[in-house]
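One letter stands for each residue in the lines below.
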Amino acid sequence: MQLHNITTSGQIKALAACIETAEKQGFIMDDDIDAGFNKNSGFVYVGGEDWDLGMYVAVNIFTSDAPMFLLSCPYSGEEFFGTNPESCILQYKAYAKDAIADGDMDEDELMIPLD
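Residues numbered from 1 in each chain as written. Predicted model: local features only at pLDDT ≥ 70, side-chain atom pairs only at ≥ 80, totals over all residues. Heavy atoms only, no water.

Check the secondary structure of the protein and you find 2 helices and 6 strands. For the protein, the α and β elements follow one another from N to C terminus as β-α-β-β-β-β-β-α. In summary, the protein has a C-alpha radius of gyration of 15 Å against a globular reference of 13 Å for 115 residues, a match within 12%. Here the protein holds 115 residues, and the buried ones make up 32% of them. (Helix = DSSP H or I, 4+ residues; strand = E, 2+ residues; numbered from the N terminus. Rg over C-alpha atoms; globule rule 2.2 N^0.38 Å. Buried < 20%, exposed > 50% of the residue type's maximum accessible area, 1.4 Å probe, protein only.)

So, in structure tokens, the structure goes:
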């Protein structure tokens, strides 16, 4: 696991909660996992490219103690938060459907099929 900017006890506690949530979901913790604190957003996160769709688990230490799942669109940077991976995927699909209809995204840019 690669750690970035984890320096306080609050960040360590949030990271532990993220790891526990990720493991309960069946995500594997190995050397390729990225974990850290994003100073701009306030999120402590853990995730990896090998996880489904590059999913992350995050806790905003300024607003919430509850870990949530995070999916980020690689083309727009739009982020989708949910209490489970499925809710993030549903949000992404709704966003992508609208973006395609508006001409802001092409179907070949989809991370997941819409059907």
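Turning to the packing of aromatic side chains, a few remarks are in order. On inspection of all chains with the given rule, the structure shows 6 aromatic pairs. Centroid distance Phe37 to Phe62: 6.4 Å. Interplanar angle 75°. Geometry classified as edge-to-face. One end of the pair, Phe37, is in strand β2 (residues 34–38); the other, Phe62, is in the loop between β4 (56–60) and β5 (68–72), with 25 residues separating them in the sequence. Taking the relative accessible area as the measure of exposure, Phe37 reaches 9% and is therefore buried. Taken together, a centroid distance of 5.8 Å and an interplanar angle of 70° make the contact between Tyr45 and Tyr56 edge-to-face. Residue Tyr45 is located in strand β3 (residues 43–47), and its partner Tyr56 is located in strand β4; the two are separated by 11 residues in the primary sequence. Residue classification places Tyr56 among the partly exposed positions, given a relative accessible area of 24%. Linked through ring pairs, Phe80, Tyr92 and Tyr95 together constitute an aromatic cluster. (Phe/Tyr/Trp six-rings, centres within 6.5 Å; stacked < 30°, edge-to-face > 60°.)

Moving on, we get to the nonpolar core. Membership of the largest hydrophobic core comes to 24 residues, with the highest contact counts inside it found for Val46, Trp51, Val57 and Tyr92. Among the elements of the structure, α1 (9–24), β2, β3, β4, β5 and α2 (85–101) are those that each provide at least two residues to this core. Aside from chain neighbours lying at most four places away, what touches Val46 is Met1, Leu15, Cys18, Ile19, Met29, Ile33, Asp34, Ala35, Trp51, Tyr56 and Val57. (Core = buried A, V, L, I, M, F, W, Y, C linked by side-chain atoms within 4.5 Å. Contact = heavy atoms within 4.5 Å.)

Our next topic: the state of the cysteines. According to the stated counting rule, one finds 0 disulfides in the structure shown. No disulfide involves Cys18; its sulfur sits 13 Å from that of Cys88, the nearest cysteine. Its relative accessible area of 0% is what places Cys88 among the buried residues. (Disulfide = S-S within 2.5 Å.)

This is a description of form; function is not addressed.
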